[in-house]
Amino acid sequence: MTAVEQPETPLGHGNMRRKEDARFIRGRGTYVDDVTLPGMLHGAVLRSPYAHARIVSIDTSAAQAHPKVRAVITGETLAGLNLAWMPTLSHDVQAVLATDKVRFQGQEVAFVVAEDRYSARDALELIDVDYEALPPVIDARQALAEDAPVIRDDLEGRTDNHIFDWESGDAAATDDVFASAEVVAAQDMLYPRVHPAPLETCGAVADMDAVTGKLTVWTTTQAPHAHRTIYALVAGLPEHKIRIISPDIGGGFGNKVGIYPGYVCAVVGSIVTGKPVKWVEDRSENLMSTSFARDYHMHGEIAATKDGRILGLRVNVLADHGAFNGTAQPTKFPAGFFGVFTGSYDLEAAHCSVTGVYTNKAPGGVAYACSFRITEAVYLVERLVDVLAFDLGMDPAELRMKNLLRPEQFPYRSKTGWEYDSGDYPTALRAALDLADYPALRAEQALKRERGEQMGIGVAFFTEAVGAGPRKHMDILGLGMADGAELRVHPTGKAVLRLSCQTQGQGHETTFAQIVGEELGISPDDIDVVHGDTDQTPFGLGTYGSRSTPVSGAAAAVVARKVRERARIVASAMLEVSADDLEWEKGRWFVRGDVEAGRTIQEIALAAHSDLELPEGVEGHLDATCVYNPPNLTYPFGAYVCVVDVDADTGQVTVRRFVAVDDCGVRINPMIVEGQVHGGLADGVGMALMQVMAFDEDGNHLGGSFMDYLLPTSMECPSWELGETVTPSPHHPIGAKGIGESATVGSPAAVVNAVVDALRPFGVRHADMPLTPAAVWSAAQGTPLRT
Ligand code: CDP
C-alpha cells in the first residue's frame, strides 16, 4: 500500500472506520428479504422459455385451484387495470406481464401470489401457456437487416428494430483531420454484454393499506424518490400516499436503478389480495431478466502523426439495447456519457455516432459501476491508443505521456463539448509508472521473451465524468438531477442529516457524517445519516454513476454551512457582538481578536432552543435544508498499470501485479476510497478475463448462474498496489470528485492491453473481451474468437 499518508483526525475527514459495519459484521443488517409483515404473502414470476414467441393462450385454472394460492395475475389482469405496460427510464415502454408476445427468454408472463414462497413456485408449474415460436434477433449486427423480424410490433408504425441514432463531435472537421493524417489505425472491438450481478438479488415487499390508501414498498432501489414518482405515474396513485423504503442494499452497481416488473407485480398482488406481498428473485432470474450492461459493438479509428501525436478519433457504435429500451441515462444522452470518448488526450477533432437497436434479449444497458457508458468510451480510446502504439512501434506509456492533456489546459473543453473541471494527468501517469517501476518491467519482459515466456504490461489512463448533473442539461424522465439535504441539530448538539441518495455498501453513513462533521466541528459519531426512506428524506435522484459525493455530498456540505451561518447569528446574540465580528474555527464561533470569547456549536445549539433573545426575523433552531444543483460534473481520473503472465499453450492469464493511481480530488475517507478502488479493480479483472452474458442462436441465455457467469475472487486478483494524486474539483464545495466507479472504468483496458501486449510475439494486435483461456489461446493461434 503506497497511498499518501493522510492524518487521522478525530472529527471530519480521515480514515474513520465505517459506522454501518457494526451491524453488517454482526449479521444485523436489514435487507428487503429480512422484512416480514403480519399476514404477508409471497409472489413468484412465471417466465418465458422462448426468446421470441407469440402468446396464444394462458390457462391459469390449475394454479388458481392450488390450495395455497391467493391470486394469479396475468398480462390480461394488468391490462384491465391499465398496468400491463410501464414506462422505462428511456422513454420507452416495457411489458410488466406479457400480453401479446414474449421478447426475451426469462420475460415475465404471470405472477402467482401464495401463502408461502414454495407454493407460489409450485403453482407456476401449473400455469399452461401456449406459445407460437417466432424467429429471434440475437446478434445486434443482424437487427437492422431487411428481413429481420420486428420485435416491437407493439409500437405503432414500427417496421424495424431501430431505436435511435445519436452523434457527437464535428464530423466534417474529423474527416478533414483523417484525410490529411500521416497514420490512421482502425480497430473493431466489442464491449460484451455483462451484468452488474449484485450479491443481493432484486426484490420488494409491497403493502397497500386499504384503509389509509397508503402504499408502502420496501424495495431494492438505488433511487427511492425516483421510484416513488414513477409508481405514482404508472399506477395513478397520489405520490404522497406512496412510501418507498430502501433498507440495506447488498450491492447495486446500476442493477437497482430501474423498476422491474416483479416490483409492480408485488404492488398489484397486495392491492388484489389486501395483504402485504413479498417478491424476491433468485440468482438465475437476476442474471437473466434484470438490467445488463455494455453490449457495444464499436468501430474506432485514430489519426496521428508518424511521431505519435494523436490528431483525431472517429467512432461508430452499434448498441444492443435488448427488447425494451430500458437504459438509465439522462434524457438528452441516449448513449449515456459515451461522448467523453476523447478520453484524456489533446486532439484536434473527434466524432462518434451511436445507433441503438432492439434484440430479443433482456432490457437494460445500465451504468454498471460507471457513469452512463463511460466504461465503454474509456475502453475504446485506451485500446485504440495501444493499437496505434502497436502500429507505430512506440511504447504505449510514452505515447500516452506525449498526448495527455497538460495541467495548464484545465478547465478543458473537449472536442465533444465536455468541460473537464481539473486535472494533472502527467503527474498521475508518472506516479503509476514509478510505482510499477516500468523500465524494470520492460527489461524483465525482454528477458522473458528471449526465453519464450509471455509477460504483458498494460497501461491505461482514464477520465471519468461523474456527478450527474446540472439540471439544465440532465434529467431522467423529466426529473432534474439535483439532490436535497436536510440537517437538524438537536439542543444537545447531536445532528441528523437526511439525504436523498442511497448507499448500497459504499459507506455513506460514515462519509456523509464526516462531511458534516468537518464543516461543523461535530464528531461524525454524533451525526446520524438517514436515507432510503421517501417519507423521511428530501427529494433527489439517487445513487448511481458515482453521483453521491459530487451531488449529495455537496448538498451535505452546503446545508452544514447554512447551519454554521445560523449558528453565527445565535452566537452573536450569546456574545452580544455583531455577527460580522465573529470568526469560525472548527466547532466554534469566537470574537475576532479575542479567541477565548467564543461559543462551541454544542453551546450554540442549546442556546438556539432556549429563551435567548434573537435578532428580529431570526426564528431560532439551527436546522436547515438545501437543494444542490451541480454547476458541472466532476472529472476524476487515473493511471493504471497491469502486469500479466500468459501461458500461450493453455491460454491461462495470471494478473501478477496491478498498480492504480487514482485522483478523486479531496478524499473524505481514504480507507473507504481504497475499498471502492479495490472493488472496481476486481470488477475490471472479471470483465476483461471471464465475463460475458452469452446467448445461443435461439436466444437461450447461457449465463444464468454463477457457474457460467463468473465473478472474480481473490484467487484471480493480485494484491492491489494503490497510489494517489489529489487535484481538487474547483466547483465542488469540498473539492471532492466521485470515486465509486473509477476503477471499474479504468481497469478493463489495462488488463486487456496487458494480455495483448503479452501476445505480441504472436503478432496479436487486438483481442476481444472476455479473454478466457479459449480466447487467448485462439488469439495466439491467429484465429481470434468473436463473441
Ligand atoms: O455514488 P457512490 O456512493 O456510488 O460513489 P461516490 O460518490 O464516489 O462515493 C463512494 C464512497 O467513497 C462514498 O462513501 C464516498 O463518500 C467516498 N468518497 C470519499 O471518501 N472521497 C471522495 N473524494 C469520493 C468518495
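This text goes with the structure placed above it.
First things first, this report covers the structure right here in the doc. Since the model is a prediction, treat every value here as computed from it, not as a measurement.

Observations concerning the overall build of the protein chain
Each helix and strand counted, the protein chain has 18 helices and 33 strands in total. Its C-alpha atoms give the protein chain a radius of gyration of 27 Å, near enough to 28 Å, the size a compact globule of 787 residues would have. The principal-axis extent of the C-alpha atoms belonging to the protein chain is close to 80 × 75 × 50 Å. Every one of the 787 residues in the protein chain was classed for burial, and the buried ones make up 63%. Long-range pairs, those at least 24 residues apart, make up 80% of the contacts in the protein chain between residues at least 6 apart in sequence. Summed over its atoms, the accessible surface of the protein chain is roughly 27,800 Å², and 51% of this surface lies on carbon and sulfur atoms. Of the charged side chains in the protein chain, 66 are positive and 104 negative, and the gap between their average positions amounts to 2 Å.

Structural notes on the sheet that holds strand β26 (residues 527-530)
Spatially, β26-β25-β24-β30 is the arrangement adopted by the 4 strands of the open sheet, whose pairing is mixed. Either end of the sheet is taken by a strand with one partner, and the two such strands are β26 and β30 (624-628). Mean inter-strand twist for the sheet, computed between neighbouring axes without regard to direction, equals 15°. In this sheet, strand β25 (residues 495-499) lies alongside strand β24 (residues 483-489) in antiparallel orientation, the contact comprising 5 bridges. Among the inter-strand pairings, Val 489 is bridged to a residue of β25, identified as Ala 495. Helix α14 (residues 548-575) rests against β24, β25 and β30 of the sheet, and its axis sits at about 145° to β30.

Considering unusual backbone geometry
Cis geometry is found at the peptide bond from Ala 468 to Gly 469, where omega equals -25°. If you trace the backbone, Gly 469 turns up in the loop between β21 (454-463) and β22 (475-476). A cis amide bond, omega -5°, links Met 769 with the succeeding residue Pro 770. In the Ramachandran plot, Asn 82 falls in the positive-phi region, its phi being about 60° despite a non-glycine side chain. Here Asn 82 lies in the loop between α3 (75-80) and β4 (85-87).

Quick word on the packing of helix α10 (residues 396-403) against helix α11 (residues 425-436)
Direction vectors running N to C along α10 and α11 enclose 160°, while the axes themselves pass 10 Å from each other. Comparing their axes, α11 and α10 come out roughly antiparallel. α10 and α11 meet at a crossing whose hand is left-handed. Side by side, α10 and α11 meet where Ala 397, Arg 400 and Met 401 of the first sit next to Pro 426, Leu 429, Arg 430 and Leu 433 of the second. By residue class, the composition of the contact of α10 with α11 is 5 nonpolar, no polar and 2 charged.

Here's the deal with the site of the ligand
Around the ligand, the structure places 23 residues, and the nearest of them are Gln 506, His 508, Ser 548, Thr 549 and Ile 739. The contact in question runs from an oxygen atom of the ligand to an N or O atom on the side chain of Thr 511, over 2.7 Å. Gly 740 has a polar backbone atom sitting 2.7 Å from an oxygen atom of the ligand. The protein chains hide 99% of the 520 Å² of surface that the ligand would expose on its own. Counting residues per element, the ones that place at least two in the shell around the ligand are α13 (508-520), α14 and α16 (670-689). Its residues assigned to classes, the shell around the ligand shows 8 nonpolar, 12 polar and 3 charged.

Comments concerning the pattern of salt bridges
In total, this model carries 55 salt bridges according to the counting rule given. Glu 285 is the salt-bridge partner of Arg 47, the closest N and O atoms lying 2.8 Å from each other. Remark: Glu 285 occurs in helix α8 (residues 283-289) and Arg 47 occurs in strand β1 (residues 41-47); sequence separation between them is 238 residues. An identical accessibility class is assigned to Arg 47 and Glu 285; each is buried. Its salt-bridge partner being Arg 103, residue Asp 154 comes within 3.2 Å of it at the nearest N-O pair. Here the residue Asp 154 occupies a position in the loop between β8 (128-133) and β9 (162-169), and Arg 103 occupies one in the loop between β6 (101-102) and β7 (108-114), the gap between them amounting to 51 residues. Because the salt bridges share partners, they merge into one network encompassing Arg 54, Asp 92, Asp 100, Lys 101, Arg 103, Arg 152, Asp 153 and Asp 154.

A closer look at a negative patch on the surface
Negative charge collects at one region of the surface, where Asp 59, Asp 128, Asp 130 and Glu 132 lie side by side. With 3 residues, β8 is the single largest residue contributor to the negative patch. For Asp 128, the location among the structural elements is in strand β8.

Here's the deal with the pairing of β1
Burial runs high along β1: 7 of the 7 residues are buried. Burial of β1 is two-sided: the residues Leu 41, Gly 43, Val 45 and Arg 47 facing one way and the residues His 42, Ala 44 and Leu 46 facing the other way are all buried. One ladder, built from 2 bridges, connects β1 with strand β14 (residues 277-280); its direction is parallel. Considered in β14, the bridge of His 42 is made with Lys 278.

Structural notes on the packing of helix α9 (residues 374-392) against helix α17 (residues 742-758)
Two numbers describe how α9 lies on α17: the axes approach to 8 Å, and their chain directions differ by 30°. One element, α9, and the other, α17, form an angle in the roughly parallel class. You can see that α9 and α17 cross each other, and the crossing is right-handed. Every residue of α17 that contacts α9 at Ile 374, Thr 375, Val 378, Tyr 379, Glu 382, Arg 383 and Asp 386 is listed here: Thr 744, Val 745, Gly 746, Pro 748, Ala 749, Val 752, Asn 753 and Val 756. Its residues placed into classes, the contact of α9 with α17 shows 8 nonpolar, 4 polar and 3 charged.

Things to note about the nonpolar core
Counting residues in hydrophobic clusters, the biggest one holds 178 residues, and the most contacted among them are Phe 337, Phe 338 and Val 755. It is α9 that provides the largest number of residues to this core, a total of 11 residues. Discounting residues that sit within four places of it in the chain, Phe 337 has contacts with Pro 330, Ser 371, Phe 372, Arg 373, Ile 374, Trp 418, Ala 465, Ala 468, Met 474 and Leu 633. Ranked by size, the runner-up nonpolar core spans 43 residues in total, among them Val 551, Leu 622, Ala 624 and Ala 736.

Points about the packing of aromatic side chains
Between two aromatic rings, the relevant description is the distance of the centres plus the angle of the planes. Scanning the model with the defined rule gives 24 aromatic pairs in all. Taken together, a centroid distance of 5.2 Å and an interplanar angle of 70° make the contact between Tyr 191 and Tyr 379 edge-to-face. Of this pair, Tyr 191 sits in strand β10 (residues 183-194) while Tyr 379 sits in helix α9, and the two are 188 residues apart along the sequence. Considered together, Tyr 191 and Tyr 379 belong to a single accessibility category, that of buried residues.

Parameters at a glance
- Residues numbered from 1 in each chain as written.
- Predicted model: local features only at pLDDT ≥ 70, side-chain atom pairs only at ≥ 80, totals over all residues.
- Heavy atoms only, no water.
- Helix = DSSP H or I, 4+ residues; strand = E, 2+ residues; numbered from the N terminus.
- Rg over C-alpha atoms; globule rule 2.2 N^0.38 Å.
- Buried < 20%, exposed > 50% of the residue type's maximum accessible area, 1.4 Å probe, protein only.
- Contact = heavy atoms within 4.5 Å.
- Areas by Shrake-Rupley, 256 points an atom, 1.4 Å probe, with all protein chains shown as cover.
- Lys, Arg positive; Asp, Glu negative; His and termini not counted.
- Charge placed at Lys NZ, Arg CZ, Asp CG, Glu CD.
- Pairing = 2+ DSSP bridges.
- Axes fitted to C-alpha atoms, helices over the stretch in contact; angles between N-to-C directions.
- Parallel < 35°, antiparallel > 145°, perpendicular 65-115°, else oblique.
- Left-handed = near helix turned anticlockwise from the far one by under 90°.
- Nonpolar A, V, L, I, M, F, W, Y, C, P; charged D, E, K, R; others polar.
- Near = heavy atom within 4 Å.
- Polar contact = N/O pair within 3.5 Å; in protein donor to acceptor, adjacent residues only side chain to side chain.
- Salt bridge = Lys/Arg side-chain N within 4 Å of Asp/Glu carboxyl O.
- Patch = residues over 30% accessible without salt bridge, like charges linked within 9 Å, V, L, I, M, F, W, Y side chains within 5 Å.
- Core = buried A, V, L, I, M, F, W, Y, C linked by side-chain atoms within 4.5 Å.
- Phe/Tyr/Trp six-rings, centres within 6.5 Å; stacked < 30°, edge-to-face > 60°.

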